Amino acid sequence: MSSILVLEDDVNVNRGITFSLEKSGNIVFSAETIQAAKSVAVVNKIDLVICDINLPDGNGLDFIKWMRQQNKTYIICLTALDQEISQVMGYEAGADDYITKPFSLSVLLLKIEAYFNRIKSSNEENEIISRDIRVLPREMKVLVKGKEVVLTKNEWKMLTLFLKYPKQVLSKKQILENIFDIDGEFVDENTVAVNVRRLREKIEEDPAKPVYLKNIRGLGYVWNQEVG
């Protein structure tokens, strides 16, 4: 599951992109102005930005420059002009890729999928550390204070999901859709609570007073430690 910001003032285009990305299991933030996009970006971890150039409150290139100063988020620039100068300006502003309007939604989705596949492959080679927890993705090992703990498949998927989005609240619905293999069996929100409890028993020093995986009443769960 990835976090994507769509900055596009054409309501129909925005809705089409947003719907398709959400259908693929992503967390999507939709904005029609630069101001709204900045408000989203300053409080959420964004993995990828889709940014139009002509916007009602400014030039999308300015937002791309601002976004590039904030972090290393991957940026795809949308432009209605199939001209080399537009492409050059996008790259100079900090865009990583571009696509010209009118565009095929399928092509855009393939570009996004290809990027996240590259990132996934790269991340699997690196270890993940959060306080006293060390995760080795390639070996599928979890060490707590240097001692290995054995997780079930769903516990492993849940842990790596939260480590990917530290400090970000994930709803029970989002966890269900991205963690559990339903395969036609009935799985409800209580399944999330049960697996959270079991995971806490394995990684928390005191499961009754968790410091890693906290419950945000009425919203969901959050990984409450920094990840490096």
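Keep in mind that what you see is a predicted model, and the values were worked out from it rather than measured.

Details of the overall build of the protein chain
Right, so step 1: Looking only at helices and strands, the protein chain features eight helices and 13 strands.
Right, so step 2: Each of the 228 residues in the protein chain was classed as buried or not, and the buried ones make up 43%.
Right, so step 3: A separation of at least 24 residues holds for 57% of the contacts in the protein chain among residues at least 6 apart in sequence.
Right, so step 4: Summed over all atoms, the accessible surface of the protein chain reaches about 12700 Å², with 48% contributed by carbon and sulfur.
Right, so step 5: Distance between charge centroids for the protein chain: 7 Å, based on 30 positive and 33 negative side chains.

Quick word on the sheet that holds strand S10 (residues 141-144)
Right, so step 1: Within the open sheet, the four strands sit side by side as S8-S9-S10-S11. Their pairing is antiparallel. Because the sheet does not close on itself, it has two edges, and the strands there are strand S8 (128-130) and strand S11 (147-149). Going from strand to strand, the sheet's axes swing by 25 degrees on average, the running direction of each strand aside.
Right, so step 2: One ladder, built from four bridges, connects strand S9 (residues 133-136) with S10; its direction is antiparallel. Bridge pairing in S10 links Val-135 to Val-142.

Some remarks on the sheet that holds strand S3 (residues 48-52)
Strands in a sheet are paired, the pairing made by backbone hydrogen bonds, and the direction either parallel or antiparallel.
Right, so step 1: A sheet is described by the order of its strands in space; here five strands give the open sequence S2-S1-S3-S6-S7, paired in parallel fashion. Looking at the sheet topology across the chains shown, the edges are occupied by strand S2 (27-31) and strand S7 (97-100). The sheet shows a mean angle of 15 degrees between the axes of neighbouring strands, taken without regard to direction.
Right, so step 2: Alignment of S3 against strand S6 (residues 74-79), held across five bridges, turns out to be parallel. For Val-49, the partnering residue across the bridge sits in S6 and is Ile-75.
Right, so step 3: Together, strand S1 (3-7) and S2 form the strand contacts of helix H2 (residues 34-41), whose direction differs from that of S1 by roughly 165 degrees.

What counts and how
- Residues numbered from 1 in each chain as written.
- Predicted model: local features only at pLDDT ≥ 70, side-chain atom pairs only at ≥ 80, totals over all residues.
- Heavy atoms only, no water.
- Helix = DSSP H or I, 4+ residues; strand = E, 2+ residues; numbered from the N terminus.
- Buried < 20%, exposed > 50% of the residue type's maximum accessible area, 1.4 Å probe, protein only.
- Contact = heavy atoms within 4.5 Å.
- Areas by Shrake-Rupley, 256 points an atom, 1.4 Å probe, with all protein chains shown as cover.
- Lys, Arg positive; Asp, Glu negative; His and termini not counted.
- Charge placed at Lys NZ, Arg CZ, Asp CG, Glu CD.
- Pairing = 2+ DSSP bridges.
- Axes fitted to C-alpha atoms, helices over the stretch in contact; angles between N-to-C directions.

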